[in-house]
Amino acid sequence: MNQLQTIIYAIVLFPLLGSTIVGLWNKKISCRGAHWVTTIGVAISFVLSLYLCYQIVFAGVPTYNFNAYIWGGSGSYQFNIGFLLDNLSTTMLVVVNFVSLLVHIYSIGYMREDDGYQRFFSYISLFTFAMLMLVSANNFLQLYFGWEGVGLVSYLLIGFWFKKETANFGSLKAFIVNRVGDFGFILGIAAVFNYVGNVDYVSVFNIAPSLATQTMTVFPHTHWSVLTVICILLFIGAMGKSAQMPLHVWLPESMEGPTPISALIHAATMVTAGVYMVARMSPLYEFSEVALSVVLIVGATGALFTGILAIVQNDIKRVVAYSTLSQLGYMVAALGVSAYAAGIFHLFTHAFFKALLFLAAGSVIIAMHHEQDMRKMGNLRKYMPVTYVCFLIGALALAAIPPFAGFYSKDAIIEAIHHALIPGASYAYYCVLLGTFVTAFYIFRAFFLVFHTEERMDEHTRAGLRESTWVVWLPLVLLAIPSAIAGIFLVGTILYSPTGGLLGTSIFILPQNNVLASLAIDYHGPLLLALDSVFSLPCWLAVGGIFVAWLLYIKFPRAPAYFVEKFSLIYKVLLAKYGFDDFNQVVFARGSLKLAKVFFEVGDVKILDHDLVDGSGRFIAWCSANLRKLQSGYLYHYAFAMIIGVLVLLAWLLW
Amino acid sequence: MLNNLFNHYILSVLIWLPMFGGALALASGGDQHPNRARLIALIVSIISLALCVPLYLGFDNNSGLMQFQQHAIWIRAYDIHYSLGVDGISLPLIMLTTFTTLLVIMAAWHHIHIRVSQYMAAFLVMQGMMVGTFASLDSILFYAFWEGMLIPMYLSIGIWGSTNRSYASIKFFLYTFLGSALMLIALLYLHEQSNSFNISDFYPLKLTMKQQVWIFLAFLLAFAVKLPMWPVHTWLPDAHTEAPAGGSVVLAALMLKMGAYGFLRFSLPITPDASALLDHLMIALSLIAIVYIGLVAIAQTDMKKLIAYSSIAHMGFVALGCFMVFDIVANSHNLKDAYMSLEGAMVQMISHAFSSGAMFLGVGVLVYRLHTRLIKDFGGIATSMPYCAAFFMLFAMSNVGLPGTSGFVGEFMIILSAIQGSFWVAVLASTTLILSAVYTLYMYKRVFFGVITDPRIAKLHDINYMEKIVFVLLAIVIIFFGVYPAPLLNMMHATIGNVLHWSLQSKL
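Residues numbered from 1 in each chain as written. Chains lettered and ligands numbered in written order. Predicted model: local features only at pLDDT ≥ 70, side-chain atom pairs only at ≥ 80, totals over all residues. Heavy atoms only, no water.

Engineer: Lay out the overall build of chain B with the relevant residues and their values.
Structural biologist: Secondary structure assignment for chain B yields 23 helices and two strands. Since a compact globule built from 508 residues should have a radius of gyration of about 23 Å, the 22 Å found for chain B is in line with a globular shape. Summarising its shape, the C-alpha atoms of chain B cover approximately 70 × 55 × 40 Å along the three principal directions. Every one of the 508 residues in chain B was classed for burial, and the buried ones make up 68%. Intrachain contacts of chain B at a sequence separation of at least 6 include 82% that bridge at least 24 residues. (Helix = DSSP H or I, 4+ residues; strand = E, 2+ residues; numbered from the N terminus. Rg over C-alpha atoms; globule rule 2.2 N^0.38 Å. Buried < 20%, exposed > 50% of the residue type's maximum accessible area, 1.4 Å probe, protein only. Contact = heavy atoms within 4.5 Å.)

Right, here's the structure in full:
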């Protein structure tokens with residue numbers, strides 16, 4: 001076993017070990033024990049992944065692809081568990097471990113008085129394990145293992161407070177909607193397997209170009225490119241996991257879970273798995289323009305329309321949740337124009353600033369004694385200066401104000417879509433462009449409502465307001481730093497490096513699709529890019545969003561109510577989230593239950609059981625009851641039957 | 001010498017030791033000394049399981065032939081032999097049988113108070129019968145064991161069952177007996193043709209299509225009832241619901257497997273052309289089991305009934321795996337491609353035994369404490385019984401087919417195989433991902449989550465040490481085979497090759 005192998009084993013297994021120890025002995029291990037064991041496990045994993053990333057990305061160690069063991073085989077097929085260590089996976093390992101470590105630390109403060117303290121730490125470490133397996137897989141089987149594994153822990157954590165009905169509803173919904181996505185995903189894997197005979201990335205990528213020309217018949221008399229079918233099926237999985245419309249409905253509900261996991265799972269890591277997967281599969285997607293178009297349109301639509309929903313939310317976590325939906329839309333849209341690097345870049349910066357926003361929101365929620373309604377907050381900057389500054393940095397990054405991290409990644413996405421020629425790109429461009437205004441508006445609306453404006457909380461809460469403890473604000477600060485400056489340092493190497501940079505050769509782009517390469521010509525360093533943007537439309541829209549938020553919530557605080565009244569219909573549609581939830585509830589949830597009842601009561605109970613099975617029993621009983629009458633036991637009955645019989649025989653013979 | 005002796009008689013020991021143990025348990029006295037019967041049963045089942053270790057180690061994975069054979073004449077006049085042997089499809093099932101019986105006996109330790117010695121005896125005898133069924137090489141011996149095991153099962157439902165037990169036990173008996181009667185006729189007819197009751201002598205037999213179709217249908221009724229397949233499945237929900245926990249476990253984990261075992265041992269190799277002719281019928285029935293029964297499971301209000309319907313849906317996957325082979329080979333012209341479908345079906349059989357058995361035991365734990373099976377009577381169990389809830393979550397996840405649990409392996413292999421035969425079959429089969437999640441987790445939510453409304457639930461004690469041992473054992477196998485199914489698969493490659501050899505060769 002060589003060194004890299006040992007390291008990757010340690011990286012994935014330490015969080016698992018921590019989780020197992022705490023999970024199995026959660027009664028015996030104290031709260032302190034629980035957070036020490038798991039946090040140290042993840043910390044080791046983080047340090048090792050930094051080392052690994054350094055080796056692969058900077059020290060020039062070549063991409064390392066190996067199989068750990070044979071999972072199983074059948075006929076001529078074989079499935080392996082194995083790891084692919086390249087630039088993309090190792091940088092993802094770092095990001096995942098970094099956010100996970102901070103969330104572990106933060107949770108020590110946030111979960112302090114919770115009954116399920118040990119259980120919580122066991123879960124988040126288990127989540128880290130599954131996410132690391134997903135990211136480092138070298139085949140679809142292991143990818144799927146991690147994919148469903150993170151889904152399981154997400155389910156467990158959304159329903160963490162299982163006494164709360166809304167939490168149970170949210171967790172069930174999340175699992176089932178994700179399963180709808182996975183339904184497509186497993187079919188995608190099956191299709192890959194069918195045409196490649198293997199689920200290892202390397203063999204799949206090697207064969208991809210030839211699949212582009214093959215066709216298959218999905219519906220009779222139609223011919224689909226095999227690759228298009230595969231890519232779209234896989235993308236359905238990504239739509240579930242990365243909460244793309246119309247499978248986005250579970251993510252807002254996931255906010256029922258504790259806030260640290262909203263940051264870790266439902267902002268920084270798990271929900272970006274779909275984006276990671278598509279980027280990883282770039283050698284497939286590149287050969288299917290149809291699939292890319294679908295990806296682009298789904299992503300861009302989500303980017304704008306889920307963002308708009310964030311405007312009408314009053315729950316601070318829900319604002320951030322809808323914002324996550326919208327930002328995921330940006331990432332996915334980037335993938336659709338083959339700007340995979342931009343999507344991954346936004347994934348990184350988003351991991352930082354969105355985890356920051358969630359954790360800052362959590363810090364506010366602790367101070368407010370678990371009140372999440374922004375209408376009952378206001379002027380918190382007076383009481384929570386650290387949280388205030390951190391939230392502001394996160395908001396600026398999210399709103400893509402230069403030179404904060406979010407600016408570099410989002411600007412690249414918008415420019416890439418602007419320059420793309422793929423069908424749907426012009427529609428997508430307007431979506432993402434308008435989205436910048438919306439994003440800036442909703443996040444600064446939240447910012448002003450929480451930290452500025454007059455104090456609207458009750459006396460009791462106000463008396464208890466203070467800055468959170470260091471375990472809570474330290475992660476905020478540690479996340480605020482990359483949220484502010486990561487863009488400056490990473491933009492060149494991720495997006496515009498002629499030699500591949502941070503992502504190296506992990507991503508494959510056909511030359512004619514490479515929009516980022518054409519943008520690279522105009523790139524002259526991060527600071528000039530920031531300066532140039534002052535004259536660009538997206539930047540003005542973002543600033544405009546902040547300005548309008550300031551106008552409406554600080555300058556003319558009575559204006560929002562006026563607009564709500566004026567546009568009450570639109571407001572209602574937005575409050576109803578375009579009706580997706582109601583539709584699902586009526587058609588899928590209640591509809592399937594009703595169908596199930598009909599099938600059961602009519603099909604099984606009535607027709608099969610009552611009529612056929614018991615019916616045949618009754619029929620035989622009826623026959624025997626009647627036949628029994630022949631055996632009456634009276635001599636004259638038998639004598640009479642004999643005479644009739646003799647007569648009939650006689651008649652027959654004599655005829 | 002000793003080795004030779006062992007190789008010859010190990011299977012007989014596995015059959016007759018539990019039967020003898022059962023007799024001993026019966027003789028240990030009535031309910032005055034329940035612990036004696038428990039101890040006898042425990043020791044016997046542990047010895048049986050321990051005997052499986054040398055059986056496994058001595059088994060040659062590379063051979064598709066019957067191993068550990070034993071031959072004796074049973075009834076000379078009719079040419080009936082007492083011949084035993086195992087190959088790669090019966091060995092895992094025999095090991096599964098001994099493992100499951102041990103769990104059932106441990107689970108009954110505290111739960112069964114009336115007629116303990118009879119209860120233990122019934123399950124030991126059942127174990128012997130089932131091992132006998134899987135190990136028989138002679139078709140009449142097979143039939144004898146096949147029918148014989150109905151008796152202890154019938155008794156276990158009828159005596160230790162719940163309120164509606166008499167209806168359920170009679171329904172169970174008549175249903176399965178009716179199917180098997182036709183199988184006997186088919187076996188007699190095959191003897192007529194081949195002058196032998198040896199199952200392997202049926203394989204090379206030339207049969208016309210008409211003969212094959214009739215034989216296939218006669219077998220089908222027997223196996224479809226056992227499996228069970230739609231529309232002859234309705235005995236199962238009743239039998240499962242009324243049976244004691246141990247009975248439900250044995251039914252789900254073992255008896256249902258007899259049907260699929262029959263497909264692999266009889267239907268496919270003996271009537272390959274009829275199987276190929278009727279494979280679309282079988283695929284359709286399997287898909288109905290997966291989709292329709294999956295939906296029916298959602299509507300259940302009784303936990304055991306829900307798991308019973310879930311069993312039917314899971315067994316639909318087994319039948320699908322068995323009968324997709326013809327389409328797969330027709331598309332790819334490569335016999336090697338068909339392995340995964342059949343092996344997936346085998347794995348599904350075994351993993352379903354773990355997950356459904358575990359869920360039935362879990363429900364048994366709850367029913368024992370609260371004397372109700374209705375989902376609405378529960379709620380908030382996770383608060384008062386956290387360990388039980390945690391284990392049950394793992395079992396539920398295996399039922400849902402989560403990767404990393406054994407429940408995933410079979411479904412994954414079958415879906416990946418099915419798409420090689422037909423895209424739309426794979427699509428319909430994959431709906432299980434959604435349906436199983438809905439019915440399993442919807443039940444889990446209503447039973448384990450939420451606030452406690454019933455004061456009796458608040459006072460519940462969590463699982464005791466015996467229950468914990470059972471759950472831990474199940475958890476270990478579920479995770480082990482989920483993470484590393486290779487040992488299980490390696491056991492069956494050669495035999496599956498053998499089955500495929502006969503199944504894909506025309507007999508006309």
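Engineer: Help me get a handle on the overall build of chain A, residues and values and all.
Structural biologist: Regarding its fold elements, chain A presents 27 helices and four strands. Projected onto its principal axes, the C-alpha positions of chain A cover 125 × 65 × 60 Å. The proportion of buried residues among the 655 residues of chain A is 60%. Across chain A, every contact between residues at least 6 apart in sequence was considered, and the portion connecting residues at least 24 apart equals 79%. Summing over all exposed atoms, chain A offers an accessible surface of approximately 25600 Å²; the carbon and sulfur share of this is 70%. Chain A carries 35 positive and 32 negative side-chain charges, and their two centres are separated by 7 Å. (Areas by Shrake-Rupley, 256 points an atom, 1.4 Å probe, with all protein chains shown as cover. Lys, Arg positive; Asp, Glu negative; His and termini not counted. Charge placed at Lys NZ, Arg CZ, Asp CG, Glu CD.)

Engineer: Go over the side chain of Asn80(A), please, and point to the residues and values.
Structural biologist: Considering the arrangement of structural elements, one finds Asn80(A) in strand E2 (residues 77–85). One polar contact links Asn80(A) to Gln78(A), side chain to side chain, over a distance of 3.2 Å. (Polar contact = N/O pair within 3.5 Å; in protein donor to acceptor, adjacent residues only side chain to side chain.)

Engineer: How would you explain the environment of Gly22(B) if you had to name every residue and give the values?
Structural biologist: Residues and elements named next belong to chain B. Mapped onto the elements of the fold, Gly-22 is located in helix H1 (residues 2–27). Between the C-alpha atom of Gly-22 and that of Ala-245, which follows or precedes it by 223 residues, the distance is 19 Å. Those residues in contact with Gly-22, other than ones at most four positions away along the chain, are Ala-121 and Leu-124.

Engineer: Which residues make up a nonpolar patch on the surface, and what values do they have?
Structural biologist: The grouping of Val646(A), Leu649(A), Leu650(A), Trp652(A), Leu653(A) and Leu654(A) at the surface amounts to a nonpolar patch, some 720 Å² of accessible area in total. Along the polypeptide, Leu654(A) turns up in helix H27 (residues 635–654). (Patch = residues over 30% accessible without salt bridge, like charges linked within 9 Å, V, L, I, M, F, W, Y side chains within 5 Å. Salt bridge = Lys/Arg side-chain N within 4 Å of Asp/Glu carboxyl O.)

Engineer: Got a sec to walk through the interface of chain B and chain A? Specific residues and values, please.
Structural biologist: Taken together, the contact between chain B and chain A spans 65 residues of the former and 55 residues of the latter. Taking both partners together, chain B and chain A bury about 5300 Å²; carbon and sulfur atoms supply 72% of that area. For the interface between chain B and chain A, the tally reads one salt bridge. Of the residues forming the side of chain B that touches chain A, the biggest block, 16 residues, is contributed by helix H20 (residues 423–448) of chain B. Residues belonging to the side of chain B that touches chain A are distributed by class as follows: 46 nonpolar, 13 polar and six charged. (Buried area = accessible area lost by both parts, 1.4 Å probe. Nonpolar A, V, L, I, M, F, W, Y, C, P; charged D, E, K, R; others polar.)

Engineer: Which residues make up the packing of aromatic side chains, and what values go with them?
Structural biologist: Residues and elements named next belong to chain B. A full pass over the atoms with the stated rule returns 82 aromatic pairs over all chains. With a centroid separation of 4.5 Å and an interplanar angle of 20°, the aromatic rings of Tyr-444 and Phe-448 are classed as stacked. Remark: Phe-448 and Tyr-444 occur in helix H20; sequence separation between them is four residues, near one turn of the helix. By relative accessible area, which is 3% here, Tyr-444 ends up buried. Among the residues examined, Phe-448 registers a relative accessible area of 1% and is labelled buried. (Phe/Tyr/Trp six-rings, centres within 6.5 Å; stacked < 30°, edge-to-face > 60°.)

Engineer: Describe the nonpolar core, listing the residues and the values that go with them.
Structural biologist: One finds Tyr285(A), Leu380(A) and Phe448(B) to be the most contacted residues of the largest nonpolar core, which totals 455 residues. The element contributing the most residues to this core is helix H15 (residues 340–367) of chain A, with 20 residues. Once you skip the residues sitting within four places of it in the chain, Tyr285(A) turns out to touch Cys231(A), Leu234(A), Phe235(A), Met277(A), Val278(A), Ala291(A), Leu292(A), Val295(A) and Tyr340(A). (Core = buried A, V, L, I, M, F, W, Y, C linked by side-chain atoms within 4.5 Å.)

Engineer: Summarise the pattern of salt bridges; cite the residues concerned and give the values.
Structural biologist: Taken as a whole and assessed by the stated rule, the structure comprises 17 salt bridges over all chains. Here Lys171(B) ties to Asp238(B) by a salt bridge, and the two come within 2.6 Å at their closest N and O atoms. Of this pair, Lys171(B) sits in helix H7 (residues 165–194) while Asp238(B) sits in helix H10 (residues 235–242), placing them 67 residues apart in sequence. Of the residues examined, Asp238(B) reaches a relative accessible area of 11% and is grouped as buried. Between Arg456(B) and Asp454(B) there is a salt bridge, with the nearest N and O atoms lying 3.3 Å from each other. Salt bridges sharing common partners tie together Lys164(A), Glu256(A) and Arg318(A).

Engineer: Requested: an account of the confidence of the model for chain A, with residues and values cited.
Structural biologist: Of all residues in chain A, 100% have pLDDT values of 70 or greater, and the mean over the chain is 86. Taken element by element, chain A is modelled with least confidence in helix H21 (residues 515–520) of chain A, mean pLDDT 76, and with most confidence in helix H5 (residues 140–158) of chain A, mean pLDDT 92. (pLDDT = per-residue confidence, 0-100.)

Engineer: Please give an account of the layout of surface pockets that cites residues and values.
Structural biologist: Size it by volume and the second largest pocket reaches roughly 960 Å³. In this structure, the second largest pocket is lined by 29 residues; those nearest its centre are Ile176(A), Phe588(A), Ala589(A), Ser592(A) and Val438(B). Of all elements in the fold, only helix H6 (165–196) and helix H26 (580–630) of chain A together with helix H13 (279–298) and H20 of chain B reach the threshold of two or more residues within the lining of the second largest pocket. Among the residues forming the lining of the second largest pocket, the class breakdown is 21 nonpolar, four polar and four charged. (1 Å grid on protein atoms, 1.4 Å probe; cavity = no way out; pocket = protein on both sides within 12 Å on 5 of 7 lines; lining within 4 Å. Points joined across faces, edges and corners; volume = space filled by probe spheres on them.)

Engineer: Outline the pairing of strand E1 (residues 64–74) of chain A, supporting the account with residue identities and numerical values.
Structural biologist: Residues and elements named next belong to chain A. Two strands pair when backbone bridges link them, and E1 and E2 are joined in this way by nine bridges, in the antiparallel orientation. Across the sheet, Gly-73 pairs through a bridge with Gln-78, a residue of E2. Hairpin connection from E1 to E2: two residues lie between these consecutive antiparallel strands, with Gly-75 at a positive phi of about 60°. (Pairing = 2+ DSSP bridges.)

Engineer: Outline H13(B), supporting the account with residue identities and numerical values.
Structural biologist: Residue and element names in this part refer to chain B. Here H13 is 20 residues long and its end C-alpha atoms lie 28 Å apart, about the 28 Å a rise of 1.5 Å per residue gives. Within H13, the axis deviates most sharply at Ala-289, by approximately 25°. Among the 20 residues in H13, 15 count as buried, and that is most of the element. (Expected span 1.5 Å × (residues − 1). Bend = angle between axes of the 7 residues up to and from the residue.)

Engineer: Tell me about unusual backbone geometry, residues and numbers included.
Structural biologist: Negative phi is the rule for most residues except glycine; trans is the rule for most peptide bonds. With an omega of -15°, the peptide bond running from Leu227(B) to Pro228(B) counts as cis. The topology assignment puts Pro228(B) in the loop between helix H9 (209–226) and H10. Across the junction of Trp230(B) and Pro231(B), the peptide omega takes the value 5°, indicating a cis bond. Note that Pro231(B) resides in the loop between H9 and H10. Notably, Ala243(A) is not glycine yet its phi reads approximately 50°, a positive angle. With respect to the helices, strands and loops of the structure, Ala243(A) is situated in the loop between helix H8 (226–241) and helix H9 (250–253). Taking the relative accessible area as the measure of exposure, Ala243(A) reaches 3% and is therefore buried.

Engineer: Just give me the short version of the packing of helix H13 (residues 289–311) of chain A against helix H14 (residues 316–336) of chain A, but keep the residues and values in it.
Structural biologist: Residues and elements named next belong to chain A. Two elements in contact, H13 and H14, have axes separated by 7 Å at closest approach and are oriented at 160°. Classified by the interaxial angle, the pair formed by H13 and H14 is roughly antiparallel. Between H13 and H14 lies a crossing of left-handed hand. Taken together, the residues of H14 that come into contact with H13 (itself represented by Leu-292, Val-295, Leu-296, Gly-299, Ala-300, Gly-302, Ala-303, Thr-306, Gly-307, Leu-309 and Ala-310) are Val-319, Tyr-322, Ser-323, Leu-325, Ser-326, Gly-329, Tyr-330, Val-332, Ala-333, Leu-335 and Gly-336. Per-class residue counts for the contact of H13 with H14 are 14 nonpolar, eight polar and no charged. (Axes fitted to C-alpha atoms, helices over the stretch in contact; angles between N-to-C directions. Parallel < 35°, antiparallel > 145°, perpendicular 65-115°, else oblique. Left-handed = near helix turned anticlockwise from the far one by under 90°.)

Engineer: Any details on the confidence of the model for chain B? Residues and values, ideally.
Structural biologist: When pLDDT is averaged across chain B, the result is 89; 100% of the residues are at 70 or more. Scoring of the predicted complex yields 0.91 for pTM and 0.91 for ipTM.

Engineer: Hey, could you go over the side chain of Ser363(A) for me, with residue numbers and the actual values?
Structural biologist: Residue and element names in this part refer to chain A. Tracing the chain through its elements places Ser-363 in helix H15. Judged by relative accessible area, which is 0%, Ser-363 ranks as buried. Every residue in contact with Ser-363, bar those within four places of it in the chain, is listed here: Tyr-106, Met-384, Thr-387, Glu-467, Ser-468, Val-472 and Leu-476.

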